[in-house]
Amino acid sequence: MMKYFILFGPPGAGKGTQATAMVEAYNLRHISTGALLRQEISAGSELGLKAKALIDAGALVPDEIVEGMIESEFRTVKGVDGFLLDGFPRTIEQAKALDRMLAANGEEVTSVVSIMIPDSMIRERIHHRATIEGRADDAKDETISNRIATYHNQTEPLVEYYSKAGKYNEIDGTGTIDDVRKAIFDLMDRF
Ligand code: AP5
Ligand code: MG
């Protein structure tokens, strides 16, 4: 059975930071919908152009776009034991679409690994990253505030969705990068 881990958490929680070690240790393919969208923007594609305005505003891109990206990765990537979904799903609709995609092949979400930090730390982490990576959506306080609001309004309801399904596991994301990684590995070892 393929494994489908969801790496969940607010902006700046440390999803991208932890993903590299996770995919190496468990032979998973890392799929970050944010990174895929940023690639489309750099490539100057039509999709990228459409996505850029929304991302720079701190809003979500339409569900169908990211669902299509995920489906195409599932279809084409071979030779792994599973997938690590970073930043997807982000709405209840996306979660239901994922459930349908997997159920079509008799599969299901393995587990949700949620890295949790308070809003104040989100700002700190993103301000820090802005000095290193130069992501357009990290540059303005207004964008960061909108991303935080988008998270609370549209993404946080997934906590209840996956708790009800018995798949939600929360990790304290406020410790050091090493502390968080150890907690994640302890959790993933159970699956
Ligand atoms: P996305 O790229 O997914 O951004 P995000 O969710 O806002 O998350 P980040 O990448 O900002 O944070 P992260 O958790 O990866 O943190 P990181 O590890 O870098 O999405 C971008 C946009 O694309 C969205 O706003 C939306 O518009 C669109 N989009 C993407 N997916 C979508 C979807 N499914 N549906 C619709 N739209 C979608 O860490 C942050 C910083 O903190 C780094 O500098 C890091 O070094 C540092 N750090 C990490 N861990 C620690 C630690 N433990 N201690 C100290 N510092 C730490
Ligand atoms: Mg990230």
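Worth saying up front: this structure is predicted, and the values here are computed from it rather than measured.

1. Quick word on the packing of helix 4 (residues 63–76) against helix 5 (residues 92–103)
Viewed as axis vectors pointing N to C, helix 4 and helix 5 meet at an angle of 30 degrees, and their least axial separation amounts to 10 Å. Of the possible angle classes, the one that applies to helix 4 and helix 5 is roughly parallel. The handedness of the crossing between helix 4 and helix 5 comes out as right-handed. Between helix 4 and helix 5, the contacting residues are Asp63, Val66, Glu67, Ile70, Glu71 and Phe74 on the first element and Glu93, Gln94, Ala97, Leu98, Met101 and Leu102 on the second. Broken down by class, the residue content of the contact of helix 4 with helix 5 amounts to 7 nonpolar, 1 polar and 4 charged.

2. Considerations on the side chain of Lys167
With respect to the helices and strands, Lys167 occurs in the loop between helix 8 (157–164) and strand 5 (168–172). The exposure class of Lys167 is buried, given its relative accessible area of 16%. If sequence neighbours within four positions are ignored, Lys167 has contacts with Glu108, Val109, Ser111, Val112 and Tyr162.

3. Considerations on the layout of surface pockets
When its volume is computed, the largest pocket comes out at roughly 1,000 Å³. Lining the largest pocket are 48 residues, with Gly12, Lys15, Arg129, Arg135 and Arg147 positioned closest to its centre. Counting residues per element, the ones that place at least two in the lining of the largest pocket are strand 1 (3–8), helix 1 (15–26), strand 2 (28–32), helix 2 (33–43), helix 6 (119–130), helix 7 (141–155) and helix 9 (177–188). Grouping the constituent residues of the lining of the largest pocket by class yields 19 nonpolar, 19 polar and 10 charged. By volume, the second largest pocket is sized at about 190 Å³. What lines the second largest pocket is a set of 14 residues, among which Tyr4, Phe74, Arg75, Asn105 and Glu107 lie closest to the centre. Mapped by element, the contributors of at least two residues to the lining of the second largest pocket are helix 4 and helix 5.

4. Examining the sheet that holds strand 1
Remark on secondary structure: sheet strands pair via backbone hydrogen bonds, oriented parallel or antiparallel. The strand order across the open sheet formed by 5 strands is 2-3-1-4-5, and the pairing between neighbours is parallel. Two strands in the sheet have a free side with no partner beyond their single neighbour: strand 2 and strand 5. Here the average twist between neighbouring strands, direction ignored, is 20 degrees. Examined bridge by bridge, strand 1 and strand 3 (residues 82–86) share 5 bridges and lie parallel to one another. Residue pairing across strands places Leu7 opposite Asp86, the latter belonging to strand 3.

5. Quick look at the side chain of Glu67
Tracing the backbone shows Glu67 in helix 4. Here Glu67 occupies a buried position and makes no salt bridge, while the nearest side chain of opposite charge, Arg100, is found at 5.3 Å. Apart from the residues within four sequence positions on either side, Glu67 is in contact with Phe88, Glu93, Gln94, Ala97 and Met101.

6. As for the pattern of salt bridges
Applying the stated rule across the entire model yields 9 salt bridges. Between Lys52 and Asp56 there is a salt bridge; the shortest N-O distance is 2.6 Å. In this pair, Lys52 and Asp56 both sit in helix 3 (residues 46–56), 4 residues apart, roughly one turn of the helix. Ionic pairing is found between Asp138 and Arg147, a salt bridge with its closest N-O pair at 2.8 Å.

About the criteria used
For every chain, the first residue of the written sequence is number 1, and numbering continues from 1 along that sequence. Key to labels: chains lettered from A, ligands numbered from 1, both in the order written. Per-residue local features of the predicted model are confined to residues with pLDDT of at least 70, and side-chain atom pairs are confined, for both listing and counting, to 80 or more; whole-chain, interface and lining totals are unaffected and use all residues. Only hydrogens and water are set aside when side-chain values are computed; all heavy atoms of the structure are taken into account. Note on geometry: axes are C-alpha line fits, over the in-contact stretch for helices, and angles between N-to-C directions span 0 to 180 degrees. To qualify as a helix, a DSSP run of H or I must reach at least 4 residues; to qualify as a strand, a run of E must reach at least 2; elements of each kind are numbered from the N terminus. Relative orientations are named as follows: roughly parallel for angles under 35 degrees, roughly antiparallel for angles over 145 degrees, roughly perpendicular for angles from 65 to 115 degrees, and oblique for any other angle. Whether a crossing is left-handed or right-handed is set by the direction in which the near helix is turned from the far one by less than a right angle, anticlockwise for left-handed and clockwise for right-handed. By definition in these notes, contact holds between two residues if any of their heavy atoms fall within 4.5 Å. The nonpolar class holds Ala, Val, Leu, Ile, Met, Phe, Trp, Tyr, Cys and Pro. Asp, Glu, Lys and Arg form the charged class, and all remaining residues, Gly among them, are polar. To sort residues, take the accessible area from a 1.4 Å probe on protein chains only and compare it with the maximum for the residue type: under 20% means buried, over 50% means exposed, and anything in between is partly exposed. Cavities and pockets are found on a 1 Å grid laid over the protein atoms alone: a cavity is a set of points where a 1.4 Å probe fits but cannot escape, a pocket is an open set with protein on both sides within 12 Å along at least five of seven lines, and a lining residue has an atom within 4 Å of such a point. Grid points are joined across faces, edges and corners, and a volume is the space filled by probe spheres set on the points. Paired strands, as defined in this entry, are two strands with at least two bridges between them according to DSSP. Positive residues here are Lys and Arg, negative ones are Asp and Glu, while His and the chain termini are left out of the count. Whenever Lys or Arg places a side-chain nitrogen within 4 Å of a carboxyl oxygen from Asp or Glu, that contact is recorded as a salt bridge.

Read these as layout, nothing more, since geometry by itself doesn't imply function.
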